[in-house]
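Given next are the chains, with one letter for each unit.
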Amino acid sequence: MVSIDPILQQILEAVPFRLSPDDGPAAARKALRDLPRPPLHPEVRAEDRAVDSPAGPIPIRIYWPPGHSGPAPVVLFVHGGGFAAGDLETHDGTARQHAVGADAVVVAVDYRLAPEHPYPAAVDDVWVVLRWIAAHAAEFGGDPRRLAVAGDSAGGNLAAVLAQLARDAGAPQLRFQLLWYPAITWDTSLASYTENAAAPILDLAAITAFSDWYAPDLARTDPAGLPATLAPSRAESLAGLPPAHIAVAGHDPLRDDGVVYGELLSQAGVAVTVDHAESLIHGYLGYAGFAPAATEALDRGLAALRSALHA
């Protein structure tokens, strides 16, 4: 296996971080929120709003790319954090990078978190917001004909679920799905779960605990019997889904989730690129701008997103 990128390794040693459930959800959320983050792209205008849903208002944040004028493509960005941590603030910089890199309006969603709100609460929330975007894009300068979904880790899972829900419902039509090191299969027998059981940032023990928080009645079920809204790889058919860019990291227990999903999409006739950053780790978007290898991987994904939305 290729070693962890040396610059990234130095950063990890200087600023240690592990997404851990050990002290409960409040502590996990605080640890992620307290990570040092420099301001990114202050030129991007942002505004907080809320979308009504049967479960109550869902907070969102809309970002407009610099120089925005006229209808622009729209990306729904779904944050990661093990389905139990993360919010609009922890991923504010990442959302801004997507707005600039894709030259698109980005809508970030603050979905309900586990364990207080287990599956399918997060699915319900992001699905409400995606349909709201399709209906209201013109009101905030978006083009409802050029929509995409993006997400990292747990957010990558939810973005993949959204692509399937939109296909099955016949609307909204999505141009692209950008999945950053997504949780897809719920199958810990894949080789990467063993090879990277003690990986930085996110290890196998944490994945197991977060899975139990998110889907307590299903997390230990045979993966073959899981619903596609939990494990997108279990969909009856993957045909007709939007093109995908799936970014995976060599030192990540979830690496093979993305690899397997890419293979399944390709077999179903879906255009897909699996970008395997062998020297990187789970959560590498947070190190873009500091570790060149992470910056380059981010740029590859955003270039694919931009190309799909501006074709």
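Residues numbered from 1 in each chain as written. Predicted model: local features only at pLDDT ≥ 70, side-chain atom pairs only at ≥ 80, totals over all residues. Heavy atoms only, no water.

J.: Residues and numbers for the nonpolar core, please.
T.: Judged by nonpolar contacts, the single largest core of 111 residues is most densely connected at Leu-76, Phe-140, Tyr-214 and Tyr-284. The greatest single-element share of this core, amounting to nine residues, is contributed by helix H4 (residues 121–136). Ignoring anything within four residues of it in the chain, the contact list for Phe-140 reads Arg-49, Ile-62, Trp-64, His-68, Val-74, Val-105, Val-107, Trp-132 and Ile-133. (Core = buried A, V, L, I, M, F, W, Y, C linked by side-chain atoms within 4.5 Å. Buried < 20%, exposed > 50% of the residue type's maximum accessible area, 1.4 Å probe, protein only. Helix = DSSP H or I, 4+ residues; strand = E, 2+ residues; numbered from the N terminus. Contact = heavy atoms within 4.5 Å.)

J.: So, the UniProt feature "active site" (unreviewed entry) in the protein: which residues are in play, and what are the values?
T.: Per the UniProt record, "active site" (unreviewed entry) is annotated on Ser-153. When you line up the elements, Ser-153 lands in the loop between strand E5 (142–152) and helix H5 (154–169). On the basis of relative accessibility, which here comes to 7%, the residue Ser-153 falls in the buried class. Excluding anything up to four places from it in sequence, Ser-153 contacts Gly-80, Trp-180, Tyr-181, Pro-182, Ala-183, Leu-254 and His-282. (UniProt positions renumbered as here; feature names shortened; annotations may be inferred.)

J.: How would you sum up helix H9 (residues 292–309)? Please name residues and give values.
T.: Spanning 18 residues, H9 covers 25 Å between terminal C-alpha atoms, matching the ideal 26 Å at 1.5 Å per step. Taken residue by residue, H9 has Ala-293, Ala-294, Ala-297, Leu-298, Gly-301, Leu-302, Leu-305, Ala-308 and Leu-309 as its buried positions. Buried residues in H9 make contact with strand E3 (72–78), helix H3 (92–102), E5, strand E6 (174–180), strand E7 (244–251) and strand E8 (272–281). (Expected span 1.5 Å × (residues − 1).)

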